Amino acid sequence: TMVRTAMPRFLTSMVLTPLAGMLLTGSVNFADGYPMIMEIAESSERCLRLNIPEDDDAHMVFLSIPSPTFEQEEAETPPWITKYSGMETYFFGQMLEITTKKRKKIALPRKFPGSPSEEIKAAMDSFIEYFEGEEKAGLQVKLSNPKSSSTRTMETFWFTPIVINHLRKAVRANADERESSPLEGYSACFVNTNPDFPVRMVVDSVMTSEEFGVGDDDNVSSEDASFDGAHLTPLAEQLAESLSAAQSVIREMNYMERRESRMRLTADSINARVRYFSYISVGVLLVVTYVQVTYLKRYFRKKKLL
């Protein structure tokens, strides 16, 4: 059976999208949460950890999408950035469709169930064209168990989900051995090999349990009928406003960081040019001095003044 888990199980990450709400009964059967977004800067690495209870397992979904916070060379905004909000909303919906929809099979599907609209498709094609037709995202996903040498590395592609069913089995080096859950959690590291383009990684997980009745399709009637999601509407609106404000602050901070880096490079370049100009000026001065002294000596000798 599957239990939908929220992302607070991750210990270290930059969480842009908070927990939306929890569906409670006498015991917690499901905890609904939005996928988590991490931004991996150029030529950098970020890691997070997932704690899996003993005798349980987890499915994970990873999706690479472009970041609109990169330093643009053109003055005109690329078309895919103007449509970025709709594109992000579509992929969030598809991630939730994969991880939250009840199905007979425990394993998650490896492809998005829906097709993008013409507008979203045009935005995706615009980005691929902007990225010179390269479909590889330049981001590697490394899954590992800190208690053993078991590890798994995968390349990501733009707008294509990577679905890992049964994380324990997927990371396990020897299919016959049984690994215990590390107390520090399984590690998922994201390595961005792009030298000048940040990448956003969307991550979600689903816990699976062998315990009967937890998250079972036939056990839907155990949910509290008095629970109404509309009660969370004001809180959801406040969370949406807070999220929008946080994203604006993060975009501004990323812009200021890149601007400061660019200005530092410009200042270093100017200082180097001034230093080289000073060396050249001193060299020219020494050559001119030598020529003048030589010329004056010859002149005085010719006039028999020396």
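The shown structure was predicted, so the numbers you read here are calculated from the model rather than taken from an experiment.

Chemist: Whenever I open this one, the confidence of the model for the protein confuses me. Can you help?
Modeler: Note: predicted coordinates in regions of low pLDDT should not be interpreted at a detailed level. On average, the protein scores 77 in pLDDT, and the residues at 70 or more come to 74%. The low-confidence segment residues 1-32 (pLDDT under 50) makes 110 contacts with residues lying over four places distant or belonging to another chain. Every residue in residues 211-228 is under pLDDT 50, and counting partners more than four places away or in other chains gives 26 contacts.

Chemist: For this particular structure, what's the right way to read the pairing of strand S4 (residues 57-66)?
Modeler: Walk down a regular strand and you will see the side chains alternate between the two sheet faces. Of all 10 residues making up S4, 10 are buried, and the element is well covered by its neighbours. Residues of S4 alternate between two faces, with Asp57, His59, Val61, Leu63 and Ile65 on one and Ala58, Met60, Phe62, Ser64 and Pro66 on the opposite face, all of them buried. Two strands pair when backbone bridges link them, and S4 and strand S9 (residues 199-208) are joined in this way by 10 bridges, in the antiparallel orientation. Its bridge partner lying in S9, proline 66 is registered against valine 199. The pairing of S4 with strand S7 (residues 162-164) spans 3 bridges and is classified as antiparallel. Pairing of phenylalanine 62 across the sheet is with isoleucine 162, part of S7.

Chemist: Would you explain a nonpolar patch on the surface in this entry?
Modeler: On the surface, Tyr295, Leu296, Tyr299, Phe300 and Leu305 cluster together to form a nonpolar patch covering roughly 520 Å² of accessible area. The topology assignment puts phenylalanine 300 in helix H5 (residues 233-302). You can call phenylalanine 300 partly exposed: its relative accessible area is 32%.

Chemist: Whenever I open this one, unusual backbone geometry confuses me. Can you help?
Modeler: It is generally the case that most residues other than glycine have a negative phi and that most peptide bonds are trans. Positive phi, close to 60 degrees, is recorded for glutamate 132, a residue that is not glycine. Looking at where glutamate 132 falls in the secondary structure, it is placed in the loop between helix H3 (118-130) and strand S5 (136-144). Despite not being glycine, histidine 166 has its phi angle at roughly 60 degrees, a positive value. In this structure, histidine 166 sits in the loop between S7 and helix H4 (167-171). We classify histidine 166 as partly exposed; its relative accessible area is 27%.

Calculation notes
Residues numbered from 1 in each chain as written. Predicted model: local features only at pLDDT ≥ 70, side-chain atom pairs only at ≥ 80, totals over all residues. Heavy atoms only, no water. pLDDT = per-residue confidence, 0-100. Contact = heavy atoms within 4.5 Å. Buried < 20%, exposed > 50% of the residue type's maximum accessible area, 1.4 Å probe, protein only. Helix = DSSP H or I, 4+ residues; strand = E, 2+ residues; numbered from the N terminus. Pairing = 2+ DSSP bridges. Patch = residues over 30% accessible without salt bridge, like charges linked within 9 Å, V, L, I, M, F, W, Y side chains within 5 Å. Areas by Shrake-Rupley, 256 points an atom, 1.4 Å probe, with all protein chains shown as cover. Salt bridge = Lys/Arg side-chain N within 4 Å of Asp/Glu carboxyl O.

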